[in-house]
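A look at the structure
This is what each chain is made of:
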Amino acid sequence: MKTAEFIELFANEDPATLALSADKFGDVDLPYALSQIEGRQTARAKIPSWAEHKGIIYPATKAMEQCSSEAAAMYKRSVVASILPLISGEKGGLMVDLTGGFGVDCAFLSPLFREVVYVERNPELCRTAEKNFKTLGLTNIKVICGDAEELFLSMNTCVFAYLDPDRRDAQGARKYALSDCSPDVTRMNTELLRLSRVVLVKCSPMLDWHKAVNDLTGVRQVHIVSSGNECKELLLVMSAESLGDKSLRIVCANDDQRFAYDIDEDERLMPDIATPLTETANGFLYVPNASLMKAGCFALLCRKYGMKMVAPNSHLFTSPDEIAGFPGRRFRICAVSPMNKRELKTHLAAIHNAAVAVRNFPLTADALRKRLKLADGNDVYIFGTTDAARRHLIIICERA
């Protein structure tokens, strides 16, 4: 049996199980075949349109883990597509991807440009990317193997440059600060803005975006990208030009939810704090999505949606009315109880299962669940929090 036939025949099998039967497949390059089977299985969830192409070659596990998902790459394309008309009246000229990797972002961005240069220092990844681009019919991409910083400084100016700096050191430990990643965007900052009209930098979702903006010049937009209410990427759009924004633009994206604002619009507001909650409190409770939590634009949320914060550090919001289109989760408040055994017993008498979460509360969610003697569930939602009067409370809700 040939290796290619093996890959197609066992495409849906568990690679670990296949490895136990290695002696049955003498003519097959088993390590390569298993890596391709595993890669395609990962791609079905992460890059589904690529998984449909039988000719796609998949790299080592590390590169597959670090590459963008198809959804994330499509989001980047939408960002760049919205910017290009601001700097050029026609289809973009030259794009340079300085950290090519598996090439997912490069591939999805390439249709926006006449010419694309993919740069990667790993020769094997370069060979893989070049073959895959041909398989995908992306004929406008040129692959160059070499050091990103050296090659970029020797190039002519381009319309757009993209960087996804390596966030792991030689030992595999994770790095978050821009200056600790490779290439160091902070060191390249001036030259990037000189040689490219627009620069997009993908950063760790753990990075403090305020510090990143302070560490760099020319940041025009910050995109905080989440999926499934988990922050996945932090994108910085840089340019020596204004890009039409009066000040720094912050865009919070969580799947199909979007919330955008100018930074000075948020900084001049103070959050509205609710009066201390009572046991007779009713109305609705709102929990911002992960992107909004990272943005920290709580005062603006209060003003835009007419809500009030439960307390300055609780990051929960209340309103007497149900607010359609709120970028997060909303709940109907059923009851509010202090952390008093008698009161808790009364309010929880008919509740045996609940989803439990905490915000600005002295117990973890698991510890609170144990204290309340509740099993996990998803019909009733309980939030442990601290209100404006510094009282520890239990808010009992149901999904609205």
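As the structure is a prediction and not an experimental result, all values here were calculated from the model.

Reading across from one edge, E11-E12-E10-E13-E16-E15-E14 is the order of the 7 strands in this open sheet, with mixed pairing throughout. Two strands close off the open sheet at either side, each with one partner strand: strand E11 (308-309) and strand E14 (355-359). Where strand E13 (residues 328-338) lies against strand E16 (residues 392-399), 7 bridges are found, and the strand directions are antiparallel. Bridged to Pro 338 within E16 is Leu 393. Across the sheet, helix H16 (residues 365-372) lies against E14, strand E15 (381-386) and E16, angled at about 125° from E14, the strand it touches most.

Okay, the pattern of salt bridges next. For the coordinates displayed, the defined rule picks out 19 salt bridges. For the salt bridge of Glu 8 with Arg 40, the shortest nitrogen-to-oxygen distance reads 2.8 Å. Of this pair, Glu 8 sits in helix H1 (residues 3-9) while Arg 40 is found in helix H3 (residues 30-46), placing the two residues 32 residues apart along the sequence. Classification of Glu 8 as partly exposed rests on a relative accessible area of 33%. Given the relative accessible area of 9%, Arg 40 is considered buried. Here Arg 187 ties to Asp 184 by a salt bridge, and the two come within 3.8 Å at their closest N and O atoms. Residue classification places Arg 187 among the exposed positions, given a relative accessible area of 54%. Taking the relative accessible area as the measure of exposure, Asp 184 reaches 11% and is therefore buried. Through salt bridges with shared partners, a single ionic network connects Lys 76, Asp 105, Asp 164, Arg 167, Lys 202 and Glu 233.

Let us look at the sheet that holds strand E9 (residues 257-262). What the 9 strands build is an open sheet, ordered E3-E2-E1-E4-E5-E7-E6-E8-E9; its pairing is mixed. Where the open sheet ends on each side, the last strands, each with one partner, are strand E3 (141-145) and E9. Direction aside, neighbouring strands of the sheet carry axes that sit 15° apart on average. Inspection of the sheet shows strand E1 (residues 92-97) paired to strand E2 (residues 113-120) by 5 bridges, in the parallel sense. For Asp 97, the partnering residue across the bridge sits in E2 and is Tyr 118.

Next up on the list: the pairing of strand E10 (residues 284-288). Of all the 5 residues making up E10, 5 are buried; the element is thus mostly covered by neighbouring parts of the structure. Here E10 pairs with strand E12 (residues 317-319) via 3 bridges, running antiparallel. Bridging from a neighbouring strand, Tyr 286 pairs with Phe 317 of E12.

So, about the environment of Ile 263. Mapped onto the elements, Ile 263 comes out in helix H12 (residues 263-267). For the pair Ile 263 and Asp 208, spaced 55 residues apart in sequence, the C-alpha separation works out to 15 Å. When near neighbours in sequence (up to four residues on either side) are disregarded, Ile 263 contacts Trp 209, Ser 247, Leu 248 and Ile 250.

What counts, and at which threshold
Residues numbered from 1 in each chain as written. Predicted model: local features only at pLDDT ≥ 70, side-chain atom pairs only at ≥ 80, totals over all residues. Heavy atoms only, no water. Pairing = 2+ DSSP bridges. Helix = DSSP H or I, 4+ residues; strand = E, 2+ residues; numbered from the N terminus. Contact = heavy atoms within 4.5 Å. Axes fitted to C-alpha atoms, helices over the stretch in contact; angles between N-to-C directions. Salt bridge = Lys/Arg side-chain N within 4 Å of Asp/Glu carboxyl O. Buried < 20%, exposed > 50% of the residue type's maximum accessible area, 1.4 Å probe, protein only.

Honestly, it's all geometry; don't read function into it.
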